[in-house]
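Given next are the chains, with one letter for each unit.
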Amino acid sequence: MKFSVLAEAFGRMESTRKRTELTQHLVDLFEQTPHEVVARITYLMQGKLRPDFEGVELGVAEKLAIRAISKSSGIAAKNIEDEYRKEGDLGHAASEILSQKTQTTFMAQDITVERIYETLFKIARLEGSRSQDMKMKYISSLLNDASPPEAKYILKILLGTMRLGVAENTVMDALAARYTGDKANRRLLEHAYNVSSDLGRVAETVATGGLDAVKKFKMMLFNPVRPMLADRVKSQEEAVEKFGGEFAAEYKLDGERVQIHTGGGRVALFSRRLEDISAYYPDIIEKIPEIIDAGDAILEAEAVAVNENTGEFLPFQELMHRRRKYKIEKAVAEYPITVNFFDILYCDGASCLDMPYTDRRAMLERVVKSDEYARCIQMRKAGNSGEVQDFMEDSINAGSEGLMLKRLDSQYQAGSRGSNWLKLKREYQNDLGDSLDLVVIGGFFGRGRRTGSYGTLLLATYDIDGNVFTSICKVGTGFSDESLDQLYQILKPKVVIKKNPRVRSEMEPDVWFEPELVIEVVASEITLSPIHKAGLDTVRKGAGFALRFPKFTGKIRDEKGAEDASTNEEVATLYHGQKKVAHDKSLM
Ligand code: AMP
């Protein structure tokens, strides 16, 4: 398949944000795509080569790309940098430069998707001392044969700046329309995606085998399942009312969610964001075969830092010491953990997702051989608010955050947030001591003690409908010297020259960031503001939500992606739940 077909389609997709138009462009693209390359095209349009959990990273630095463009075009690196500064995007700048050049010396040959993909894959695999030179060679060989629009997308993929704004759901809409003739079949594709986290595999399945193959789609060991998420409730009374009968209450531990895959002599761990985090937990990897009494299995657990002397649970931040590439053994010894299992998704060749909670829990208890290091999370059945209250107190005393309440007959709903799991955190029982997970979209340089760091951050919520990030507040309190420094290191590489098109903010910070990092904040109240864009027009025309007295809690939510941040719907629920609003309404 010619790469120019893909580049043209990407160009059309880039020029619209409307979902229906995007879907149509995708359908048109799939019409022109042979079955053998459907999977590869699906990854490329998301700027990837393989599903996230395989961790295939291109990791090409801008400097190297500039050198390669210079080599291919014969234009000095300095001029390319100037063009880049003007355009704000290196892919775009390269395409401008090459189009000036093409008129005189360039003879673009047809290049294929297969060749581009293969070369990109080789680049991703390169390691070691000579790898930079080799990368240069590969990149300039591609650029030599690429037309300007092709070069633009090759560079965007290489640099990780490919942002067509195609959400997974839009891709699935298009796949359903193109290969099953009915967009409504997306539901079935979604199920396949939720149990595999591999959109390329789903695309290939439906393209080659149609709806029948999708219906038979099986979960596979070492392909992570997209996690089931919980709704929040503010009080035990609300939970009792929602469930209307007996339910399970489990400790909600404050650690890292790990999805454990074991079988055939291999163990792998995936984070809540489906990244392979096996390297951070060599202790879990080593012990799993002894702990799990099954041939193969997929289990979910919360890994929690503990005080070795007292056995007490320690807060989530302690685990972040394990996020390192080197000297992991030292971190394992210094920051011991326990593994607390709460679900089983697959066992001995069969999916457990459709089993009711009670059966999964019974199976979990059978399969996990408990010891000091590993056990099933504490659980008790409850049916009234008094019982929940008692168990909540036990759980808080043990150092947990609150409770997870689960419907006894509920299946495991991969990839969805629903009311079969409810989280009841201790803070929710305050008026709005509630915490929000927000995306960092901008920074203001610090002064005085904070010179050399971002003293204040501009934060955003996630707007599901628009698939955009909407500003909600500036936060400048709650930072320790250590966290300012840490945030600066994390945020510096995310600086972008122009505001990302998915960011909605009227406020102009000193620097814009790629919307990627999520941090936790608390606030005293949610108010309405003419400046912020979160939930714009929801309550009043022209007004968005804002946070009053926001404060960083110290938690960098590393395990959350930007799309996992608090949504405008959640903020609206909190807003309406505020006592003040209720009071105002009663006066009206
Ligand atoms: P939150 O991050 O506040 O949305 O809460 C959901 C997270 O709580 C999950 O992703 C898990 O990491 C964690 N968690 C702790 N205990 C449990 C439990 N018993 N069941 C399910 N999730 C739990």
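Refer to the structure printed above.
The structure displayed is predicted, hence computed values, not measured ones. (Residues numbered from 1 in each chain as written. Predicted model: local features only at pLDDT ≥ 70, side-chain atom pairs only at ≥ 80, totals over all residues. Heavy atoms only, no water.)

**Things to note about the sheet that holds strand S11 (residues 417-425)**
- Pairing in this open sheet of five strands is mixed, and the strands run S1-S11-S10-S2-S9 from one edge to the other. Every other strand in the sheet has two partners, leaving strand S1 (229-232) and strand S9 (379-382) as the edge strands with one partner each. When strand polarity is set aside, the average angle formed by the axes of neighbouring strands in this sheet is 40 degrees.
- Sheet topology places strand S2 (residues 247-252) next to S9; four bridges connect them, and they run antiparallel. (Pairing = 2+ DSSP bridges. Helix = DSSP H or I, 4+ residues; strand = E, 2+ residues; numbered from the N terminus. Axes fitted to C-alpha atoms, helices over the stretch in contact; angles between N-to-C directions.)

**Observations regarding the nonpolar core**
- With 115 residues, the main nonpolar core has Phe 30, Met 45, Leu 49, Leu 158 and Leu 405 as its most contacted residues.
- Setting aside chain neighbours within four positions, we find Leu 49 in contact with Tyr 43, Leu 44, Val 56, Leu 58, Tyr 117, Leu 120, Phe 121 and Ala 124. (Core = buried A, V, L, I, M, F, W, Y, C linked by side-chain atoms within 4.5 Å. Buried < 20%, exposed > 50% of the residue type's maximum accessible area, 1.4 Å probe, protein only. Contact = heavy atoms within 4.5 Å.)

**Regarding the pattern of salt bridges**
- This structure, assessed with the given rule, holds 40 salt bridges.
- Note that Glu 559 is salt-bridged to Arg 557, the shortest N-O span being 2.5 Å. The two residues Glu 559 and Arg 557 agree in class, both being buried.
- Look at the salt bridges and you will find they share partners, linking Lys 252, Asp 254, Glu 401, Lys 425 and Lys 555 into a network. (Salt bridge = Lys/Arg side-chain N within 4 Å of Asp/Glu carboxyl O.)

**Digging into the packing of aromatic side chains**
- Overall, the coordinates contain 14 aromatic pairs when judged by the stated rule.
- Each residue in the set Phe 445, Tyr 454, Tyr 488 and Phe 513 is aromatic and connected to the rest through ring pairs, giving one cluster.
- A cation over an aromatic ring shows up here: Arg 40 above the ring of Tyr 117, its NZ or CZ 5.8 Å from the ring centre.
- The residue whose ring lies beneath Lys 287 is Tyr 373, and the NZ or CZ to ring-centre distance is 3.8 Å. (Phe/Tyr/Trp six-rings, centres within 6.5 Å; stacked < 30°, edge-to-face > 60°. Lys NZ or Arg CZ within 6 Å of the ring centre and 35° of its normal.)

**Considering the packing of helix H7 (residues 113-125) against helix H8 (residues 131-145)**
- At their nearest, the axes of H7 and H8 sit 9 Å apart, and the two run at 165 degrees to each other. Considered as vectors, H7 and H8 are oriented roughly antiparallel to each other. Our pair here, H7 against H8, has a crossing hand that is left-handed. Facing H7, whose interface residues are Arg 115, Ile 116, Thr 119, Lys 122 and Ile 123, H8 presents Lys 135, Tyr 138, Ile 139, Ser 141, Leu 142 and Asp 145.
- A class-by-class count of the residues in the contact of H7 with H8 yields five nonpolar, two polar and four charged. (Parallel < 35°, antiparallel > 145°, perpendicular 65-115°, else oblique. Left-handed = near helix turned anticlockwise from the far one by under 90°. Nonpolar A, V, L, I, M, F, W, Y, C, P; charged D, E, K, R; others polar.)

**Things to note about the side chain of Ser 271**
- Along the chain, the position of Ser 271 falls in the loop between strand S4 (266-270) and helix H14 (282-291).
- Judged by relative accessible area, Ser 271 falls into the buried class, the value being 4%.
- Polar contacts involving the side chain of Ser 271 include one to the main-chain amide nitrogen of Arg 273, which spans 3.1 Å.
- Residues contacting Ser 271, with those up to four places away along its chain left out, are Glu 256, Arg 257 and Ile 277. (Polar contact = N/O pair within 3.5 Å; in protein donor to acceptor, adjacent residues only side chain to side chain.)

**Looking at the site of the ligand**
- The full set close to the ligand counts 16 residues, and Glu 250, Tyr 251, Glu 302, Lys 406 and Lys 423 are the nearest of them.
- Between the ligand and Tyr 251 there is a distance of 3.0 Å, counted from a nitrogen atom to a backbone nitrogen or oxygen.
- Alone, the ligand offers 500 Å² of accessible surface; in the complex the protein occludes 95% of this.
- Within the residue set of the shell around the ligand, elements represented by two or more residues are S2, strand S10 (402-407) and S11. (Near = heavy atom within 4 Å. Areas by Shrake-Rupley, 256 points an atom, 1.4 Å probe, with all protein chains shown as cover.)

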